[in-house]
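# Structure at a glance
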Amino acid sequence: MLGDDLAGCDDPADARHRRSIRSVNAIAARVMSALAGQLGHPHGLLGKVVAVVLNRANRRDAIAAVEAASITPGETVADIGFGGGAGLGLLLGRAGSTGVVYGIDISTDMVTRARSRFHREIDSSRLRLLEGSLNDLPLDDSSLDAIITVNTIYFIADLDEAFAELARVLRPAGRAVICLGDPAAMAELPFTPYGFRLRPVAEVIAELERAGLSVNHREVPVGLVAGHLLIASHPPR
């Protein structure tokens, strides 16, 4: 009986320690949730910081995606979900003075930021910035020679709809490059449990094929984690 009584006693210091741990865990969860939300839709003052972080974190991925897209001068290309804008500068360099680059992002703040950064390219009609999402692209059918979208599909609920849109705007000989981190490696990052959809690569490829696209898969050890490039195109007629 004495042992039972002792077991039931709760040392005040231990109780305070447990409450402290729960409080810290709750704060950490809120911070990670806020960070994940900003990565998917940067906005406000924090969004400006996130834009800089995105440029640094995604630059290698963007370079790999642009290389895989095999862009030639004069083509019409797009970066969908351009975030901090690292991919826009790379596309402008590849498309050259006679090409056109579209930048499409769901975040009003990111579009505004890019308009300030690339005002000369906008004034010369080399760059056109639009608000929109991968699920509802503000573009005409068969209007693009190449598309890149880097680390965006984690925030897309309906891949069927998104990839149907890619297929719709892609020209017959066009290329769409989807860059994503390896899902197993991504799952180890502290913020991905908060709103990221980490799909198996095979599932993403299957969704692209359901949209009527052929897929060339490359593994690339770039960025924060090892990644995958899915190069999608219309099958030859």
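So, here is what we can say about the structure in this document. The shown structure was predicted, so the numbers you read here are calculated from the model rather than taken from an experiment. (Residues numbered from 1 in each chain as written. Predicted model: local features only at pLDDT ≥ 70, side-chain atom pairs only at ≥ 80, totals over all residues. Heavy atoms only, no water.)

When helices and strands are tallied, the chain shows nine helices and seven strands. Every one of the 237 residues in the chain was classed for burial, and the buried ones make up 46%. A sequence separation of at least 24 residues applies to 72% of the contacts in the chain between residues at least 6 apart. Of the accessible surface of the chain, which amounts to about 12000 Å², a share of 55% is contributed by carbon and sulfur atoms. (Helix = DSSP H or I, 4+ residues; strand = E, 2+ residues; numbered from the N terminus. Buried < 20%, exposed > 50% of the residue type's maximum accessible area, 1.4 Å probe, protein only. Contact = heavy atoms within 4.5 Å. Areas by Shrake-Rupley, 256 points an atom, 1.4 Å probe, with all protein chains shown as cover.)

Enumeration according to the criterion identifies eight salt bridges in this entry. Asp145 serves as the salt-bridge partner of Arg171, at 2.9 Å between the closest nitrogen and oxygen. Of this pair, Arg171 sits in strand E5 (residues 170-181) while Asp145 sits in strand E4 (residues 144-150), and the two are 26 residues apart along the sequence. Notably, a salt bridge pairs Arg210 with Asp160, separated by 4.0 Å at the nearest N-O pair. (Salt bridge = Lys/Arg side-chain N within 4 Å of Asp/Glu carboxyl O.)

As a further point, take the packing of helix H7 (residues 159-169) against helix H9 (residues 201-210). Packing of H7 against H9 brings their axes to within 8 Å, and their N-to-C directions diverge by 55°. Between H7 and H9, the angle is such that the two are oblique. Crossing of H7 over H9 shows right-handed handedness. Residue-level inspection shows Leu159, Asp160 and Phe163 of H7 in contact with H9, the latter providing Val204, Glu207, Leu208 and Arg210. (Axes fitted to C-alpha atoms, helices over the stretch in contact; angles between N-to-C directions. Parallel < 35°, antiparallel > 145°, perpendicular 65-115°, else oblique. Left-handed = near helix turned anticlockwise from the far one by under 90°.)

Take empty space enclosed by the protein next. Taken as a whole, this structure holds two cavities of 30 Å³ or more when the rule is applied. Its boundaries defined by the atoms lining it, the largest cavity holds a volume of some 50 Å³. Every residue lining the largest cavity is listed: Ile153, Tyr154, Leu180, Gly181, Asp182, Pro183, Met186, Arg197, Leu198, Arg199 and Val204. For the lining of the largest cavity, the secondary-structure elements that each account for two or more residues are E5 and helix H8 (183-186). Class assignment of the residues belonging to the lining of the largest cavity gives a composition of seven nonpolar, one polar and three charged. In this structure, the second largest cavity spans a volume of roughly 40 Å³. In terms of lining residues, the second largest cavity is bounded by Phe82, Gly83, Gly84, Gly85, Met110, Arg113, Ala114, Arg117 and Phe118. Residues of the lining of the second largest cavity, tallied by class, amount to four nonpolar, three polar and two charged. (1 Å grid on protein atoms, 1.4 Å probe; cavity = no way out; pocket = protein on both sides within 12 Å on 5 of 7 lines; lining within 4 Å. Points joined across faces, edges and corners; volume = space filled by probe spheres on them. Nonpolar A, V, L, I, M, F, W, Y, C, P; charged D, E, K, R; others polar.)

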